[in-house]
Amino acid sequence: MEFALLGWPDDSHRLRLDYERFAYAGKFVMTSTGKAVVGDDGVVAAAAFDADHTDADTLCIRYITVRQDRQGERFGAELLRFVRGRAVQRGYDRVTIGVNNPFSYQAAYRAGFCFSGEERGLGELALEWPGDRDPVQYRAGLDLFRDRDLSEAEASFLAEKRDADPPAVVPAPA
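Keep in mind that what you see is a predicted model, and the values were worked out from it rather than measured.

Caption draft 1: Looking closely at the side chain of Asn101. Along the chain, Asn101 falls in the loop between strand 5 (94-99) and helix 2 (102-110). Only 3.1 Å separates the side chain of Asn101 from the side chain of Asn100, close enough to count as a polar contact. Side-chain polar atoms of Asn101 contact the backbone nitrogen of Phe103, separated by 2.9 Å. Apart from residues lying up to four places away in sequence, Asn101 is in contact with Phe145 and Glu154.

Caption draft 2: Spotlight on the sheet that holds strand 3 (residues 43-51). The seven strands are arranged 1-2-3-4-5-7-6 in an open sheet whose pairing can be described as mixed. Looking at which strands have only one partner, the edges of the open sheet turn out to be strand 1 (2-7) and strand 6 (114-120). The mean angle between the axes of side-by-side strands here comes to 25°, regardless of whether they run parallel or antiparallel. Along the sheet, helix 1 (residues 75-89) makes contact with strand 1, strand 2 (34-39), strand 3, strand 4 (58-66), strand 5 and strand 7 (124-129), crossing strand 4 at roughly 155°. Sheet strands touched by helix 3 (residues 135-146): strand 5, strand 6 and strand 7. Its angle to strand 6, the strand with the most contacts, is close to 35°.

Caption draft 3: Geometry of the environment of Arg84. Summarising the element assignment, Arg84 is placed in helix 1. On the basis of relative accessibility, which here comes to 10%, the residue Arg84 falls in the buried class. On a C-alpha basis, the gap between Arg84 and Leu150 in space is 29 Å, while along the polypeptide they are 66 residues apart. Residues contacting Arg84, with those up to four places away along its chain left out, are Val95, Ala111, Gly112, Phe113 and Trp129.

Caption draft 4: Seen up close, the packing of helix 2 against helix 4 (residues 152-160). Running from amino to carboxyl end, helix 2 crosses helix 4 at an angle of 45°, the nearest separation of the two axes being 9 Å. Looking at the two axes, helix 2 sits oblique to helix 4. Side by side, helix 2 and helix 4 meet where Pro102, Phe103 and Gln106 of the first sit next to Ala153, Glu154, Phe157 and Leu158 of the second. For the contact of helix 2 with helix 4, the residue count by class is five nonpolar, one polar and one charged.

Caption draft 5: Representation of helix 2 in the model. For helix 2, a buried count of seven out of nine residues is recorded, marking the element as mostly surrounded by other parts of the structure. Taken residue by residue, helix 2 has Pro102, Tyr105, Gln106, Ala107, Ala108, Tyr109 and Arg110 as its buried positions. Buried residues belonging to helix 2 abut helix 1, strand 5, strand 6, strand 7, helix 3 and helix 4. Sitting at the head of helix 2, Asn101 places a side-chain oxygen 2.9 Å from the backbone nitrogen of Phe103. Gly112 sits one or two residues past helix 2 and shows a positive phi near 100°.

Cut-offs used in this document
- Residues numbered from 1 in each chain as written.
- Predicted model: local features only at pLDDT ≥ 70, side-chain atom pairs only at ≥ 80, totals over all residues.
- Heavy atoms only, no water.
- Helix = DSSP H or I, 4+ residues; strand = E, 2+ residues; numbered from the N terminus.
- Polar contact = N/O pair within 3.5 Å; in protein donor to acceptor, adjacent residues only side chain to side chain.
- Contact = heavy atoms within 4.5 Å.
- Pairing = 2+ DSSP bridges.
- Axes fitted to C-alpha atoms, helices over the stretch in contact; angles between N-to-C directions.
- Buried < 20%, exposed > 50% of the residue type's maximum accessible area, 1.4 Å probe, protein only.
- Parallel < 35°, antiparallel > 145°, perpendicular 65-115°, else oblique.
- Nonpolar A, V, L, I, M, F, W, Y, C, P; charged D, E, K, R; others polar.

Following this line, the structure appears as structure tokens:
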């Protein structure tokens, strides 16, 4: 599996993804965000990010998408960990992401992010790195998803995680 940083926001990089295979594909055509990808047989997952508009020391991951046929293989978590590492190398003290479903929430936790306790936008939970990996805080974020209209897969996933501790953090990609 290869990880690549395609560019920072100032590099004005475009990434064209197949809209039938990737959620948010149109967001990656914008040149105002940095891009990173992971792949083996073409792009498997992509992330778009830029600096927080109110805090220059914080990088915001705006979008992350995993190709539909490769979801559930932890590529989202690994790519988030990769972007987080590159942000730290570039001098960022903090990295944030907003997630809108329990699977993305779990992937962000696997990448070392933690629920901040805040909700934002249209049903997004705010996660941050570094953060508090307290199990009570982790479960509090999962509980917020339980009040939503869920797919059968999401409801089943949340039932499995009712008393769970945060997942282990994936190793940093080489």
